[in-house]
Protein chains: 2
Amino acid sequence: MARKLNFSSGPAALPEDVLRRAQAALLDLDGSGIGILEHSHRGPEFMRVLERTEAAIREVAGLDGAWAVLFVTAGATHHFSMVPQSFLGEDETADYCHTGVWSGKAMEEARRFGTVHVACSGEPDFTSTPRTQTWSTAPRYVHYTSNETIYGTQWAAPPHAPAPLVCDASSDIFSRPLDLVPHALIYAGAQKNLGPSGISLVLARKDFVESGRSDLPPLAQYRTYVTERSMYNTPNTFGIYVIGEVVSWIRAQGGLAALAERNDRKAAVLYDFLDQSRAWTPLAEKASRSRMNVTFRGATKELEETMLARAEERGLSGLRGHRSVGGLRASLYNAVPEDGIRRLVELLDEVERAAR
Amino acid sequence: MARKLNFSSGPAALPEDVLRRAQAALLDLDGSGIGILEHSHRGPEFMRVLERTEAAIREVAGLDGAWAVLFVTAGATHHFSMVPQSFLGEDETADYCHTGVWSGKAMEEARRFGTVHVACSGEPDFTSTPRTQTWSTAPRYVHYTSNETIYGTQWAAPPHAPAPLVCDASSDIFSRPLDLVPHALIYAGAQKNLGPSGISLVLARKDFVESGRSDLPPLAQYRTYVTERSMYNTPNTFGIYVIGEVVSWIRAQGGLAALAERNDRKAAVLYDFLDQSRAWTPLAEKASRSRMNVTFRGATKELEETMLARAEERGLSGLRGHRSVGGLRASLYNAVPEDGIRRLVELLDEVERAAR
């Protein structure tokens, strides 16, 4: 069976080159005669994988020595509680930018540990990223979700905040250059632009990490991941391997600036079509549109179902919108090819014309 | 390069059939046209993977409806704190059987949450599993490590305890039939007998899970994994897939009873050789010997280094003992073939003869 065009919101499409390299590595990593799943995490072969993965991430993200690169065996949801547990004292306040389901879950967890001030909110329909924020007096940190996978909104730039930013970048990390300066900690589940699910990448300023609580279980402290180089216990070795291959692929594509250009082009092709269409309507406000997850509706429910059925026939997969929003959603992560967007637009156009 | 014989203590050898199936699934899962890393965890293709994996585990382990099968995106170390945080109140006592490094770490974490009573200890050299235990008056649970990877000891049968058993079975799960009756919760990092690192399997009695704290973050409660079927957030989809393939392989080998017989034979071949050898000495006491990790020393440090060098030349890998114990260690997990043990014994014999 031919490979489908995968518009899934995550886990999501990965570069085929990376998958083919991973296939070979399953039986034999780097000519070692042992597969990547079977290598001791303390052996020289895996240490080389860890080193090259970290080096590629540092290069691509432009991280200097003030930053640590951490691999946490958990998804982004785990950081919803791990961040406030480490950094938010009972008598402290953290500011949260509320842009949808994921920021809502992050806030819910933070309230277990300290005070949450909602600095801005896209409620109730979350079709835009709030342009203005009302900060609290002295927030411990400011948390935002750089891209909202479900509603299809994205911060054009990080908020101007009076405290270090903590960013859930799960669905747009490494899709464009990172403005590191205002950030203290960036976390991302790997299963969109980075690799498999079950592992998250954390980029963190070491001084911020040091400011966290030190009386928690070792695996609940970011500090442990810094001092033990993500090897306090056995890490997700396959996840680290695949992330390394994906980031090397990103580097070979020209890095984040080149990918941002390509991702802008990809999103523009789809949004331009939707904007001129009389049958399809994008959901997010123009200034807040995500380049990663394009959400849109059909003029009728019937049109949407026709489109989803035709897409399935043509090998275009993962286009149904999240159940809480409805409609359609095309996720255009790094590995989705430009040609794929053209095929999607052609089919949307065809379905629209057929319905007239 | 030919595949090496892998005696690593974990991550460790996996069945080559499973690896070949995983290779194919990376590009195309079950003829779906999308790879296992790229499938939405909410889609029908992955749901089928989850269902067949759970079904295979239930069949092989003999679990009835009172038991839940949980996949936690974390290693066993995470459970060292997750178990007491959920089940051990500040004013309660849990009994721990102390058989080495791993039980020591588990005890250290439990002390953050309540009182730990050391019911037995193999200190200082941990060469045997203590035959007698002194239980506290009313322990909340009794924790033991069924197999000690570093020292090479194994409980022949679970301890007779006055409370539900919690077992860290990371290094011998599914190597022999499970005596479920005395257990409340069994957890295991996957990277020895089950699959890749970065995921753990938990078999838990639902009533025990229900007795845990309900005011913790969702991912810190086993309850959430039961009610959400390990899908509260995106699980480690690849890990679940590989575990499913490994457990299907176990079933095809004849199940746990057949594997136990084979594992007994494998270990016996090596221990019988070591017992008659004048150059090589097993470290664990006879009654406590592990069938999974055989630890032994050479008559001299030089002999050990000669053996390790010759093994490397012959494609026998992962035989160096843990740094805290020294000597050699051969891990004989399910996927290590019987023929491999014979090759190891031949080489040990050859090195011994050459040194005379």
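Criteria and cut-off values
Residues numbered from 1 in each chain as written. Chains lettered and ligands numbered in written order. Predicted model: local features only at pLDDT ≥ 70, side-chain atom pairs only at ≥ 80, totals over all residues. Heavy atoms only, no water. Helix = DSSP H or I, 4+ residues; strand = E, 2+ residues; numbered from the N terminus. Rg over C-alpha atoms; globule rule 2.2 N^0.38 Å. Buried < 20%, exposed > 50% of the residue type's maximum accessible area, 1.4 Å probe, protein only. Contact = heavy atoms within 4.5 Å. Areas by Shrake-Rupley, 256 points an atom, 1.4 Å probe, with all protein chains shown as cover. Lys, Arg positive; Asp, Glu negative; His and termini not counted. Charge placed at Lys NZ, Arg CZ, Asp CG, Glu CD. Least-squares fit on C-alpha atoms with pLDDT ≥ 70 in both. Pairing = 2+ DSSP bridges. Axes fitted to C-alpha atoms, helices over the stretch in contact; angles between N-to-C directions. Parallel < 35°, antiparallel > 145°, perpendicular 65-115°, else oblique. Nonpolar A, V, L, I, M, F, W, Y, C, P; charged D, E, K, R; others polar. Phe/Tyr/Trp six-rings, centres within 6.5 Å; stacked < 30°, edge-to-face > 60°. Domains from an automatic or database assignment. Salt bridge = Lys/Arg side-chain N within 4 Å of Asp/Glu carboxyl O. Polar contact = N/O pair within 3.5 Å; in protein donor to acceptor, adjacent residues only side chain to side chain. Buried area = accessible area lost by both parts, 1.4 Å probe.

Engineer: I'd like a description of the overall build of chain A, backed by residues and values.
Structural biologist: A tally of regular secondary structure across chain A gives 10 helices and 14 strands. For a compact globule of 356 residues, the expected C-alpha radius of gyration is about 21 Å, and chain A comes in at 21 Å, within 12% of that figure. Considering only C-alpha atoms, chain A reaches an extent of 65 × 60 × 30 Å along its principal axes. Looking at the 356 residues of chain A, the share that counts as buried comes to 65%. Contacts spanning at least 24 positions in sequence make up 65% of the contacts within chain A whose residues lie at least 6 apart. Counting every atom, chain A has about 13000 Å² of accessible surface; 48% of that belongs to carbon and sulfur. Positive and negative side-chain charges of chain A, numbering 39 and 43 respectively, have mean locations separated by a distance of 3 Å.

Engineer: Outline the relation of the copies chain B and chain A, listing residues and values.
Structural biologist: Turning chain B through 180 degrees and shifting it by 0.0 Å along the axis lays it on chain A, with an RMSD of 0.0 Å. Taken together, these values place the two copies in the relation of a two-fold axis. The rotation axis passes nearest to the C-alpha of Q23 of chain B in chain B, at a distance of 2.4 Å. Comparing interface residues between copies, 100% of those in chain B also lie at the interface in chain A; the contact surface is shared.

Engineer: Describe in detail the sheet that holds strand β12 (residues 293-298) of chain A, supporting the description with residues and values.
Structural biologist: Residues and elements named next belong to chain A. The strand order β11-β12-β14 describes an open sheet built from three strands, whose pairing is antiparallel. A strand with exactly one partner marks an edge of an open sheet, and here the two such strands are β11 (280-282) and β14 (328-331). Between one strand axis and the next, the sheet turns through 30 degrees on average, direction left out of account. Across four bridges, β12 lies against β14 in antiparallel orientation. Among the inter-strand pairings, V294 is bridged to a residue of β14, identified as A330.

Engineer: Describe the packing of helix α7 (residues 237-252) of chain B against helix α8 (residues 255-276) of chain B, listing the residues and the values that go with them.
Structural biologist: Residues and elements named next belong to chain B. Remark: α7 packs on α8, axes separated minimally by 7 Å, with the N-to-C direction vectors making an angle of 80 degrees. When the axes of α7 and α8 are compared, the pair comes out roughly perpendicular. Here W249, I250 and R251 of α7 lie close against α8, whose contacting residues are G255, L256, L259 and R262.

Engineer: Please give an account of the side chain of S128 of chain A that cites residues and values.
Structural biologist: Residues and elements named next belong to chain A. With respect to the secondary-structure elements, S128 resides in the loop between β4 (115-121) and β5 (142-145). For S128, a relative accessible area of 18% puts it in the buried group. Residue contacts for S128: discarding those within four places in its chain leaves G122, T153, E285 and S288.

Engineer: Mind laying out the packing of helix α1 (residues 16-27) of chain A against helix α1 (residues 16-27) of chain B, listing which residues take part and the relevant values?
Structural biologist: Viewed as axis vectors pointing N to C, α1 of chain A and α1 of chain B meet at an angle of 180 degrees, and their least axial separation amounts to 9 Å. What the angle tells us is that α1 of chain A and α1 of chain B run roughly antiparallel. Contact residues: α1 of chain A offers E16, L19, R20, A22, Q23, A24, L26 and L27 of chain A, while α1 of chain B offers E16, L19, R20, A22, Q23, A24, L26 and L27 of chain B. Per-class residue counts for the contact of α1 of chain A with α1 of chain B are 10 nonpolar, two polar and four charged.

Engineer: Quick one: what's the story with the packing of aromatic side chains, residue by residue and with numbers?
Structural biologist: For the structure on display, the rule yields 17 aromatic pairs over all chains. Centroid distance F87 of chain A to Y222 of chain A: 5.9 Å. Interplanar angle 15 degrees. Geometry classified as stacked. A residue pair is termed long-range when its members are at least 10 positions apart, and F87 of chain A in helix α3 (residues 76-87) and Y222 of chain A in helix α6 (residues 222-227) qualify at 135 residues. The same class applies to F87 of chain A as to Y222 of chain A, namely buried. For the pair W280 of chain B and F296 of chain B, a centre-to-centre distance of 6.0 Å together with 85 degrees between the ring planes defines the contact as edge-to-face.

Engineer: Give me the environment of E210 of chain A: which residues, what numbers.
Structural biologist: Note that E210 of chain A resides in helix α5 (residues 206-210). On a C-alpha basis, the gap between E210 of chain A and L328 of chain A in space is 43 Å, while along the polypeptide they are 118 residues apart.

Engineer: Now, about the sheet that holds strand β14 (residues 328-331) of chain B: what can you tell me, with residues and values included?
Structural biologist: The pairing of strands in a sheet comes from backbone hydrogen bonds and takes either a parallel or an antiparallel form. Residues and elements named next belong to chain B. Spatially, β11-β12-β14 is the arrangement adopted by the three strands of the open sheet, whose pairing is antiparallel. This sheet does not close on itself; its edge strands, each paired only once, are β11 (280-282) and β14. Adjacent strand axes in the sheet meet at a mean angle of 35 degrees when their direction is disregarded. By the bridge criterion, three bridges tie β11 to strand β12 (residues 293-298) in an arrangement that is antiparallel. Looking across to β12, one finds that W280 is bridged to G298.

Engineer: Report on the domain arrangement of chain A, specifying residues and quantitative values.
Structural biologist: The accessible area lost on association of the parts is a frequent measure of interface size. Residues and elements named next belong to chain A. With domains assigned, chain A is organised as domain 1 (17-252) and domain 2 (255-355). Taken over C-alpha atoms, the centre of domain 1 sits 27 Å from the centre of domain 2. Taken together, the contact between domain 1 and domain 2 spans 26 residues of the former and 26 residues of the latter. Our count for the domain 1 to domain 2 interface comes out at one salt bridge. Taken together, the links from domain 1 to domain 2 amount to 13 residue pairs in polar contact (both at pLDDT 80 or more). The set of elements that each furnish at least two residues to the side of domain 1 that touches domain 2 consists of α2 (44-61), β6 (147-148), β7 (153-154) and α7 (237-252). Take the side of domain 1 that touches domain 2: its biggest share by element is three residues, from α7. Class assignment for the residues of the side of domain 1 that touches domain 2 results in nine nonpolar, 11 polar and six charged.

Engineer: Give a detailed account of the interface of chain B and chain A, specifying residues and quantitative values.
Structural biologist: Each side of the interface is counted separately: chain B has 58 residues, and chain A has 58 residues. With both chains or domains summed, chain B and chain A bury close to 4600 Å², and 57% of this area falls on carbon and sulfur atoms. Run the count over chain B and chain A and you get two salt bridges. The partner of R3 of chain B in a salt bridge is E38 of chain A, and the shortest N-O contact between them spans 2.6 Å. Elements with a minimum of two residues in the side of chain B that touches chain A: α1, α3 (76-87), α4 (101-110) and α7 of chain B. At eight residues, the largest contribution of residues to the side of chain B that touches chain A is made by α1 of chain B. Residues of the side of chain B that touches chain A, tallied by class, amount to 24 nonpolar, 24 polar and 10 charged.

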